[in-house]
Amino acid sequence: MSGAKERMHRKKMRNQPSNITFSSPGWAPPQDERRWRNGGEAQRQGRSYGGPQQPGGPRPPSSAPSPQGHPSGGVRGHQWGDSARGVQGYSQKLPRYITASVFAQARAAEVGAMLRAVTKTTGSSHVFGALPKHMRRRAMSHNVRRLPRRLRAAAARVLEKTSQQKKEQSKSKSRRARRRHGNLLLEFNRRQRKHVWLETHIWHAKRFHMARAWGYSLGDRPTSKCYRACYRAMSGHCLLQDLSYYCCVEVKGEEDTLLRALARLTSKETGPTFGAAVFLSGRRQGSVVVHRADRYPAEPLGQVLFMWRPKRGPCSPRQLWLWVHPTLKQDLLPELQLVCQCSEPPEPGPPVALPVLARGSAGEEPAEAREAQRPGKKRKRSGAEGEAVVPVKKIIGDGTRQAASPLSWRSEATGIVISDLTMEILRFRLIGPLSHCVLTDTLTPATDCGPEGMTETSHLWWPEQCKDGDNLSLHHRQADIFRQLKGVCFSGEIPAGTILGLAVDDPRLTLPTRRSKTLPDLKQMQGGGEETRLLTLQGVPAECCESPLWEQAVRHNVTENKIPEQELNRMRSELLVPASQLSPTPPQSRVPVLLVHQPGKQVGEEKSSWGTGWDLLLPKGWGMAFWIPLIFRGVRVGGLQEALKHSQNKGAPHFPGDFPDCPAGARFLREQETQLVDHYRRRPPAKRPNYIKHGCLAPFRCPWQQLAEEWEMIVKEAAEEELPASEGHAGPAPEAPGPEEHRSQAAGRGEGSAPRPEFPGGPECGSTSALSDAAVAVAKFKVLRSRKALRRVSAWCRPTSARGQRLRGRAPAPAQEQEQQLTPAVVASVCETHGRSLVWTRLSLLRKGRPTLHAMICIPAPEDIQLLRVDPAYSGPQEPRHKDHFRHRRGRRRQEEGEGPEEGGGTPERLGQAPAAGSPEPPAAGLWPEPLPSVTSHCSRVLLGFVTQGDFSLAAGCGEALGFVSLAGLLHMLSGQPAGSRGLVLVRGAASLQYRFAKIDVEV
Amino acid sequence: MADPRSPVSVPASGGTARPLGGAGEVEMDPVEFTLRKRLPRKLPRRRNDVYVNMKTDFRAQLARCQKLLEGGGQREICVHGLGLAINRAINIALQLQAASQGALQIAANTSTVELVDDLEPEDEEGGEPLTRTRNNSAIHIKVFYGEGH
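Residues numbered from 1 in each chain as written. Chains lettered and ligands numbered in written order. Predicted model: local features only at pLDDT ≥ 70, side-chain atom pairs only at ≥ 80, totals over all residues. Heavy atoms only, no water.

K.L.:
Please clarify how the overall build of chain B should be interpreted in this entry.
P.N.:
For chain B, the helix and strand inventory stands at three helices and six strands. Reading chain B from its N end, one meets helices and strands in the order β-α-β-β-α-β-α-β-β. When burial is assessed residue by residue, chain B has 40% of its 149 residues classed as buried. Expressed as a percentage of contacts within chain B between residues at least 6 apart in sequence, the contacts between residues at least 24 apart total 71%. (Helix = DSSP H or I, 4+ residues; strand = E, 2+ residues; numbered from the N terminus. Buried < 20%, exposed > 50% of the residue type's maximum accessible area, 1.4 Å probe, protein only. Contact = heavy atoms within 4.5 Å.)

So this is what it looks like as structure tokens:
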């Protein structure tokens, strides 16, 4: 009997009376229970029926059974006996007589047992469990009348009991009370304690799968089916994303000291940094990879977007904004404080820290201010104020820091002030070629205030701004440039990273009545002329990049004086002509914004400037006021997943996931691994791929460290042998692992579940200790970011054909030189300087195949390339199936633990948790246990790297993948490949045996 | 080379394009600058516009045009080709005409398209990024059903 059947049977028999106890003391037959179970056996036991009574009365004659006394089993047994053995033998075993009283007593006991069994409920204790399934109805659980009458009484009892319990639980207010504004806000604030909401949260929560990440609650992906629609929006129209969770860090100080301090964090080898003239002037936004102070090329921290405020005077202090991912901020801030020598305790300073610290009062002020403006307008509001319990809507909040932690740091030595402006400025990202059209449609440059506004003093920022003639003329120039944007055909025409400052009217005032799709205006485009041409050629002049958004006071003022939606609607309702524009524009509704151009795909030759767009920077509190008008221009909204796809199509590394050498990236990868393993374990074993059989060592993480080390060993050995490298013998010696591996093996054996900090994407399921360890851990490999080196590698990757040369376009001569240089000696020298490096590459599959996350990138064997040359439709070699040696070991352990083999359903999980700390924790079935053997030589093709983003690319029409490969391995492979088919690799998914050909590309 | 059609404009705050004089100055040192070509200006596309490129298979592009003319209900289509694709655009138009047994007529126009290159300095002391404009030829062929068809 199989395990499941056995279990079912046991469950069924659980409540059956297993033993009959007779009240008669003399009655204790040894096999009586069997008689109950199995009537067929009764004949053998026939003697025991009357066993004890035999000395008693006479037995009724021969074969005639006593119909009134025998239990049914006896009767059946009798008939059996009749047919099988004949009457003769049977009748001899029967007693000749029975005693009536004893016999009746015994029967009475049996009847009693039967009655007990009948009255006892078996199985589920639900009342309607007694009903067959087809008669059950969902409504029965709360409406007794739906049940058959015989069950109603019991059901009513149960219902009463549960309803009592429920009432005790939910003594909360009625729904109406809960939805009252103040209470709702209280509830919202309570729910934001752990994961802060963005301003567009409620809009998103209705339409998106929300993900809780980095201290925020963020939209992950829309609930509607929109994979392709979002792609189309990105490549044809406009996709909107709320990036407000990005943290802004402000650094203020003298230009020279600032640059000197920041230069320690970056290197010019990786491209232009903070000091590049074009960024320093404030005209463009830059992007740079930040390292720990003076540690380049080791210990990178992550990618940072930065923008300088344009110079205002010859020697005035400069202001710099760093836009960082929230998971990077905790690493970056200490480093910034170090280089700026801002180790002093936080200044209790007047300018920066005040408004955020005084959070509660800051929110209440505007309400009072409004009251002051319109006295006696609303009774309701004042009544509520009187109660003084109206909670403040929390538009300020931050999930990335402790409430009490300081927000700004000041250095006495250098005069630099660092302040954390997280959640102070919102960032909306518009991706797509028509995003500038959407912006020009949505935003209108702020209208000047009338002559009366010029004279009297106002507490609003705009009239004050207008008093200064310079400001006004600057605003007019900015507005002109903004209007010229309409003449631009698509967003990629603007120089990459251009910044435009602007003051705009409240976009709610020009909200269209219906949602419609913005389309470019052909007339505007042709009429643009020379000015638009200048704009596309040169971008925005430096002085027009200035915006009042840089001023703390202005931001504060704008946030406080926002007209609430309700008020705006009231003003609209008082209009004489319905649906006409409000005029004059209310003085509060001018908002300073910054428009930042985002370059699209800049590297590589294909899909140039794909995914270009604009970022819209707003003061806090205005999120929904801009969000809805943008939505009404027909944009589509994406979440985190769409952002991932965007960067994938751009061929750019996506921040936390594709920076495995940064602490933030390592943390992210570890969490991702935990999630993937959990998901894997949740599936039944028969429905999971057995990764051991697929020859995949680490399907849920990428052992970069091990990969880099092994390749270092291989190259070293190859150099020692002085042999021209070829893939055939390139398999590394598994018995000679690097020192790291030795140590990690020891650690794995010794402590079992102890975290292994030297592996950044380590196997640990993210306990907090493991996470903190990861933060401390320093990756021993690095990602190659030096532009010069990347450019050389990129040139080597291309096939040496005429087409490759032509596509390279510029500077064919140096390329030629470098091609010639690809000799073992050069390879050795490059590997020497960039030991244990990984290179970011893009793979495009030649034919079929859709690469997945953590797919393996392998070196094709010479015969593979030969086969491909013969038959261009050759789809690729197959990996022979591996043998799962761990299967038997698992079985043995299971037996040792005394678990029946039939309980296989839950075994891997139990195995995963059960064993004591002494033995290493075994992974789920189908996963390699730690430590891993040699990763490079595990399969029939030598491993080169892993894919970190892979999918079918709708833009290219074939599978595309992004990932890292070992630099040493890549050069090794390239030097061994024939010139015509240089750069061909194989890609194989983690749960597949099929290799696919792909072209590798290093894009600089 | 000194004509204003191929100037290297320096986006100085003064805002004037500065055409450089000699050919030697126009030629940028490839070590100091990275050249990025921007895409040509994109105009909104009608249904009957066909932009010809060198990446897509020739037969596929031809079939697309045929489909537009025959099944797509278009009385005329415009085949655009830029630079290297001019040849192919002409080829497509002629093939269409030949296949139609005289039903289709052709009218060609040529134009010049201004293209923009970005020159990004390699090192930080290299100064501001420059833009360079150059011109490329383009052809726009109208393929239409003549009178009486």
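Text resumes after the structure shown.
K.L.:
Where do I start with the packing of helix H29 (residues 704-721) of chain A against helix H39 (residues 967-976) of chain A in this structure?
P.N.:
Helix packing geometry: the angle between the two helix axes and the distance between the axes. Residue and element names in this part refer to chain A. Relative to each other, H29 and H39 sit at 45°, their axes nearing to 8 Å. Judged by the inter-axis angle, H29 sits oblique to H39. The handedness of the crossing between H29 and H39 comes out as left-handed. Contact residues: H29 offers Trp711, Ile714, Val715 and Ala718, while H39 offers Ala968, Gly969 and His972. Looking at the contact of H29 with H39, its residues break down into five nonpolar, two polar and no charged. (Axes fitted to C-alpha atoms, helices over the stretch in contact; angles between N-to-C directions. Parallel < 35°, antiparallel > 145°, perpendicular 65-115°, else oblique. Left-handed = near helix turned anticlockwise from the far one by under 90°. Nonpolar A, V, L, I, M, F, W, Y, C, P; charged D, E, K, R; others polar.)

K.L.:
Even after reading the chapter, I still don't get the UniProt feature "domain: POPLD" (unreviewed entry) in chain A, so can you show me in this structure?
P.N.:
Taking the UniProt record as the reference, the feature "domain: POPLD" (unreviewed entry) is found at residues 613-704 of chain A. Span residues 613-704 of chain A is 45% helix and 10% strand, its end C-alpha atoms 33 Å apart. (UniProt positions renumbered as here; feature names shortened; annotations may be inferred.)

K.L.:
Hey, could you run me through the interface of chain B and chain A in this one?
P.N.:
It is common to give the size of an interface as the accessible area that goes away when the parts come together. The partner chain A presents 35 residues to the 30 residues of chain B that form the contact. Across the chain B/chain A interface, buried area totals approximately 2,700 Å², and carbon plus sulfur atoms make up 49% of it. Run the count over chain B and chain A and you get two salt bridges. Our enumeration of links across chain B and chain A arrives at six residue pairs in polar contact (both at pLDDT 80 or more). Among the elements of the structure, strand S2 (33-37), strand S5 (104-121) and strand S6 (130-145) of chain B are those that each provide at least two residues to the side of chain B that touches chain A. (Buried area = accessible area lost by both parts, 1.4 Å probe. Salt bridge = Lys/Arg side-chain N within 4 Å of Asp/Glu carboxyl O. Polar contact = N/O pair within 3.5 Å; in protein donor to acceptor, adjacent residues only side chain to side chain.)

K.L.:
What is the right way to look at the domain arrangement of chain A in this model?
P.N.:
All names here are of chain A. According to the domain assignment, chain A consists of domain 1 (241-344 + 405-563 + 585-645) and domain 2 (663-718 + 780-799 + 821-880 + 924-1001). Relative to domain 2, the C-alpha centre of domain 1 lies at a distance of 38 Å. Carbon and sulfur atoms supply 46% of the area that domain 1 and domain 2 bury against each other, a total of about 1,400 Å² over both sides. It is Glu269, Glu606 and Lys607 that lose the most area in domain 1 upon contact with domain 2, and together they represent 26% of the buried surface on that side. If you look at where domain 1 meets domain 2, you find three salt bridges. A salt bridge links Lys607 to Glu960; its shortest N-O distance comes to 3.4 Å. Put simply, domain 1 and domain 2 have five residue pairs in polar contact (both at pLDDT 80 or more) between them. Contributions of two or more residues to the side of domain 1 that touches domain 2 are made by strand S7 (300-308), helix H14 (326-339) and helix H27 (640-650). Here the side of domain 1 that touches domain 2 gets four residues from one element, more than from any other, and that element is H14. Taken together, the residues that form the side of domain 1 that touches domain 2 break down as eight nonpolar, four polar and eight charged. (Domains from an automatic or database assignment.)

K.L.:
Please clarify how the side chain of His475(A) should be interpreted in this entry.
P.N.:
Residues and elements named next belong to chain A. Topologically, His475 is positioned in helix H21 (residues 469-484). Overall, His475 belongs to the buried group, its relative accessible area being 4%. Among the polar contacts listed, one links the side chain of His475 to the backbone oxygen of Ala446, at a separation of 3.0 Å. Residues contacting His475, with those up to four places away along its chain left out, are Pro445, Ala446, Asp448, Trp462 and Ala503.

K.L.:
Whenever I open this one, a positive patch on the surface confuses me. Can you help?
P.N.:
All names here are of chain A. On the surface, Arg175, Arg178, Arg179, Lys206 and Arg207 cluster together to form a positively charged patch. The set of elements that each furnish at least two residues to the positive patch consists of helix H8 (175-178) and helix H10 (201-207). The residue Arg179 is located in the loop between H8 and helix H9 (181-191) in this model. (Patch = residues over 30% accessible without salt bridge, like charges linked within 9 Å, V, L, I, M, F, W, Y side chains within 5 Å. Areas by Shrake-Rupley, 256 points an atom, 1.4 Å probe, with all protein chains shown as cover. Lys, Arg positive; Asp, Glu negative; His and termini not counted. Charge placed at Lys NZ, Arg CZ, Asp CG, Glu CD.)

K.L.:
It is not clear to me how a nonpolar patch on the surface should be interpreted in this structure. Could you clarify?
P.N.:
There is a patch of nonpolar side chains on the surface, built from Val111(A), Met114(A) and Leu115(A) and spanning about 280 Å² of accessible area. Here Leu115(A) is to be found in helix H6 (residues 100-119).

K.L.:
For this particular structure, what's the right way to read H29(A)?
P.N.:
Structurally, the α-helix is built with 3.6 residues per turn, so residues lying three or four positions apart point the same way. When the terminal C-alpha atoms of H29(A) are compared, their 26 Å separation across 18 residues agrees well with the 26 Å that a helix rising 1.5 Å per residue should span. Along H29(A), the residues classified as buried are Trp704(A), Gln705(A), Gln706(A), Leu707(A), Ala708(A), Glu709(A), Glu710(A), Trp711(A), Ile714(A), Val715(A) and Ala718(A). (Expected span 1.5 Å × (residues − 1).)

K.L.:
Hey, could you run me through the confidence of the model for chain A in this one?
P.N.:
Close inspection of predicted coordinates is inappropriate in any region flagged by low pLDDT. Residues and elements named next belong to chain A. Averaged over every residue, the pLDDT of chain A is 75; residues scoring 70 or more account for 72%. Scored below 50 in pLDDT, residues 21-89 shows 92 contacts in the model against residues more than four places distant or in partner chains. In this model residues 347-391 is a low-confidence stretch, pLDDT under 50, and it forms 49 contacts with partners more than four residues away in sequence or in other chains. (pLDDT = per-residue confidence, 0-100.)

K.L.:
Looking at this structure, I do not really get the packing of helix H2 (residues 58-70) of chain B against helix H3 (residues 85-99) of chain B. What am I missing?
P.N.:
All names here are of chain B. One way to put it is that H2 packs onto H3 with a least axis distance of 10 Å and a crossing angle of 50°. What the angle tells us is that H2 and H3 run oblique. Classified by chirality, the crossing of H3 by H2 is right-handed. Contacts between H2 and H3 involve Phe58, Gln61, Leu62, Cys65, Gln66 and Leu69 from the former and Arg88, Asn91, Ile92, Gln95, Leu96 and Ala99 from the latter. Within the contact of H2 with H3, the residues separate by chemical class into seven nonpolar, four polar and one charged.

K.L.:
Is there a simple way to think about H39(A) in this case?
P.N.:
Across the ten residues that make up H39(A), a large majority, eight, are buried. Here H39(A) has its buried residues at Leu967(A), Ala968(A), Gly969(A), Leu970(A), Leu971(A), His972(A), Met973(A) and Leu974(A).

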